[in-house]
Amino acid sequence: MFFVDTLEFEGLGNRSYLAGGAAAAVVVDPPRDIDQVIAAAARRGVRIAYVAETHVHNDYVTGGLELARVTGASYLVPAAAHVSFARTPIADGDTVNVDEHLVLRAIATPGHTPHHTSYVLEEDGRGVAAFTGGSLLIGSVGRPDLVEPRLTEQLARAQHASAHRLAAELDDEVPVLPTHGFGSFCSSSQAEGDATTIGKERETNDALTLDVDTFVSQMLAGLEDVPAYYAHMGPANTAGPAPVDLTPPRRADAEEIASRLAAGEWVVDLRSRMAFAEGHVAGSFNFEGEGKLATYLAWLIPWGKPVTLLADTPEQIADAQRELARVGIDRPAAAATGDPAGWIRSGEQLASFPRARFADLADVRQGGDEVVVLDVRRDSEREGGYIDGSVHIPIHELHGRIGDVPDGTVWVHCAGGMRAAIAASLLDAAGRDVVAVDDGFDAAADAGLSLASG
């Protein structure tokens, strides 16, 4: 009998897999923090014999090289990937024996990258699981525009062909187990549901239901901005990432926090947006630890800028540190926990700003007050409808465009509240009067706010 265990990383919208038999297993697309992978194998009582990468990742730093080193596993990396470390090159049709009756077979599936490779786990010659990485996803495929702009259309066409190859070679009941598609910006669109099979994808996936020209034109038209930190992930993975250091960062007192802010460093408050709005260190930014911390902090922060973390508890700091290490923010400069009053110097006051609902915004507008409404959603979200007269600056552009926000009190909103809280903290740190709208966008129309579209 075989098993497949899923390791889910909600912050990045990715999954890794541990699969094998009674004695040995393979790990597919492991995370940077390999301790949990080793723990999963220990729970199963299996030896990690192989570590397999479907491609050189653009959205996170892999733990594959270190995991192979620590466990003595063979490190399977697509032969066509240009890397600077020793590996076992794997090419189309190659197989390895994972355990008794279990074979892992490589299938070349270019598209997400030119060298992308999927792996099929076969039990006694029958496919029982397909690890599709950034190729065939749940209801979608991996985006083809992360390697080189001149290759985008060519890779999009390759994605279509690769999806058809997988569908042709595998039975309908074979589970499709992708790495991307659960919130990752590596997906060309987001997954609906969390499980699928070749048969389900054959019926519903555009790559398998549309002709290639229609598929390519629709996919390319729907691609959105790429997180800025992606530019650093491929080079890190190609060079061979260093082992991760998750030891606690040094403790910062109020004087050090103030000094780091004065030096232009980032001080990031991981607490809930409600707690941050109520009272925070002036100049700090709010990226909720429970939100998509790694994605949005890594996207917005100038690369290499030192970051100090603030949180309620040491456990929250540790969780954030783990998340950030996955995207190459390896060591916080310092950290502080506990009561925010202890993060400011004697005689200073915590800063704050109000939170509101869309109904409050409607009341203010009806009362005749002139306020700035700032929409920080993505372009595709705004196309579905926006508040008439609002200013649009997507959250990932705001830090560099604070000067584009008109004068006046800024009521900032997104689709649900998390990104609005980030934006409000950026504006507050810049000295702007801000109100964070913490509400679902559907409530805007219900509140009587006039919406426009297009």
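Our subject in this report is the structure included herewith. (Residues numbered from 1 in each chain as written. Predicted model: local features only at pLDDT ≥ 70, side-chain atom pairs only at ≥ 80, totals over all residues. Heavy atoms only, no water.)

1. Concerning the sheet that holds strand 15 (residues 334-337)
Step number 1: One open sheet accounts for four strands, arranged 13-12-14-15; its pairing is parallel. Looking at which strands have only one partner, the edges of the open sheet turn out to be strand 13 (285-286) and strand 15.
Step number 2: Inspection of the sheet shows strand 12 (residues 266-269) paired to strand 13 by two bridges, in the parallel sense. What sits directly across from Asp269, in strand 13, is Asn286. (Pairing = 2+ DSSP bridges. Helix = DSSP H or I, 4+ residues; strand = E, 2+ residues; numbered from the N terminus.)

2. So, the environment of Leu177
Step number 1: For Leu177, the location among the structural elements is in strand 11 (residues 176-178).
Step number 2: C-alpha separation for the pair Leu177 and Val98, spaced 79 residues apart in sequence, amounts to 18 Å.
Step number 3: In contact with Leu177, not counting residues within four places along its chain, are Val4, Tyr17, Ala129, Ala130, Phe131, Thr132 and Gly133. (Contact = heavy atoms within 4.5 Å.)

3. Some points on the nonpolar core
Step number 1: By size, the foremost hydrophobic cluster in this structure holds 53 residues, and its most contacted members are Trp266, Phe287, Leu309, Leu374 and Leu398.
Step number 2: Setting aside chain neighbours within four positions, we find Phe287 in contact with Trp266, Val268, Asp269, Leu270, Leu293, Tyr296, Leu297, Leu300 and Ile422. (Core = buried A, V, L, I, M, F, W, Y, C linked by side-chain atoms within 4.5 Å. Buried < 20%, exposed > 50% of the residue type's maximum accessible area, 1.4 Å probe, protein only.)

4. Observations concerning the packing of helix 10 (residues 293-300) against helix 11 (residues 314-325)
Step number 1: At a minimum axis distance of 9 Å, the contact between helix 10 and helix 11 shows a crossing angle of 60 degrees. Between helix 10 and helix 11 the crossing geometry is right-handed. Counting all contacts with helix 10, which are made through Leu293, Ala294 and Leu297, the residues of helix 11 involved are Ala320, Glu323 and Leu324.
Step number 2: Each residue belonging to the contact of helix 10 with helix 11 can be placed in one class, and the counts come to five nonpolar, no polar and one charged. (Axes fitted to C-alpha atoms, helices over the stretch in contact; angles between N-to-C directions. Left-handed = near helix turned anticlockwise from the far one by under 90°. Nonpolar A, V, L, I, M, F, W, Y, C, P; charged D, E, K, R; others polar.)

5. Focus on helix 7 (residues 230-239)
Step number 1: All buried positions along helix 7 are accounted for by Tyr230, Met233, Gly234 and Asn237. An end-on view of helix 7 places all buried positions within 95 degrees of arc, on one side of the element. The exposed residues of helix 7 that point more than 90 degrees off its buried face are Ala231 and Pro235. (Arc of directions from axis to C-beta.)

6. Looking at unusual backbone geometry
Step number 1: The phi torsion at Asp29 lies on the positive side, around 50 degrees, for a residue other than glycine.
Step number 2: Among the structural elements, Asp29 can be located in the loop between strand 3 (24-28) and helix 1 (35-44).
Step number 3: Classification of Asp29 as buried rests on a relative accessible area of 0%.
Step number 4: Backbone geometry at Asp124 places phi at a positive 50 degrees, although glycine is not the residue there.
Step number 5: Within the element layout of this structure, Asp124 appears in the loop between strand 9 (117-123) and strand 10 (126-133).

7. Details of the packing of aromatic side chains
Step number 1: Under the definition given, this model contains nine aromatic pairs.
Step number 2: When the ring of Phe185 is compared with that of Trp299, the centres are 5.1 Å apart and the planes differ by 80 degrees; the resulting orientation is edge-to-face. With a gap of 114 residues between them, Phe185 in the loop between strand 11 and helix 4 (198-204) and Trp299 in helix 10 connect regions that are remote in the sequence.
Step number 3: Taking relative accessible area as the criterion, Phe185 reaches 11% and is therefore assigned buried.
Step number 4: Through pairs of rings, three or more aromatic residues link up here, namely Phe185, Tyr296 and Trp299.
Step number 5: Sitting over the face of the ring of Phe182, Arg15 holds its NZ or CZ atom 3.8 Å from the ring centroid.
Step number 6: Over the face of the ring belonging to Tyr386 we find Arg382, whose NZ or CZ atom lies 3.9 Å from the ring centre. (Phe/Tyr/Trp six-rings, centres within 6.5 Å; stacked < 30°, edge-to-face > 60°. Lys NZ or Arg CZ within 6 Å of the ring centre and 35° of its normal.)

8. Re the side chain of Arg105
Step number 1: Structurally, Arg105 is set in strand 8 (residues 102-108).
Step number 2: A relative accessible area of 18% places Arg105 in the buried class.
Step number 3: A polar side-chain atom of Arg105 sits 2.7 Å from a polar atom in the side chain of Glu122.
Step number 4: Apart from residues no more than four positions distant in its own chain, Arg105 is found in contact with Asp94, Thr95, Ser118, Tyr119, Val120, Glu122, Glu169 and Leu170. (Polar contact = N/O pair within 3.5 Å; in protein donor to acceptor, adjacent residues only side chain to side chain.)

9. Considerations on the environment of Glu123
Step number 1: Mapped onto the elements of the fold, Glu123 is located in strand 9.
Step number 2: Judged by relative accessible area, Glu123 falls into the buried class, the value being 14%.
Step number 3: In sequence terms Glu123 and Ile90 are 33 residues apart; their C-alpha atoms lie 20 Å from each other.
Step number 4: Excluding its chain neighbours within four sequence positions, the residues that come into contact with Glu123 are Met1, Phe2, His101, Leu102 and Val128.

10. Describing the pairing of strand 3
Step number 1: Taking burial as the measure, the five residues of strand 3 include five buried ones, the bulk of the element.
Step number 2: Residues Ala24, Val26 and Val28 line one face of strand 3 and the alternating positions Ala25 and Val27 line the opposite face, and both faces are buried.
Step number 3: Here four bridges tie strand 2 (residues 14-20) to strand 3, and the two strands are oriented antiparallel to one another. The residue bridging Gly20 from the neighbouring strand is Ala25, located in strand 3.
Step number 4: Connecting the antiparallel pair strand 2 and strand 3 is a turn made up of three residues.
Step number 5: As paired elements, strand 3 and strand 4 (residues 47-52) share five bridges and run parallel to each other. Across the sheet, the residue bridging to Ala25 is Ile48, located in strand 4.

11. Notes on the sheet that holds strand 19 (residues 391-392)
Step number 1: Taking strand neighbours across the sheet as the criterion, the five strands line up as 16-21-20-17-19 in an open arrangement whose pairing is parallel. Since the sheet does not close on itself, it has two edges, and those belong to strand 16 (355-356) and strand 19, each with one partner.
Step number 2: The strands touched by helix 12 (residues 358-366) are strand 16, strand 17 (372-375), strand 20 (410-413) and strand 21 (434-437); relative to strand 20, the strand with the most contacts, the crossing angle is about 150 degrees.

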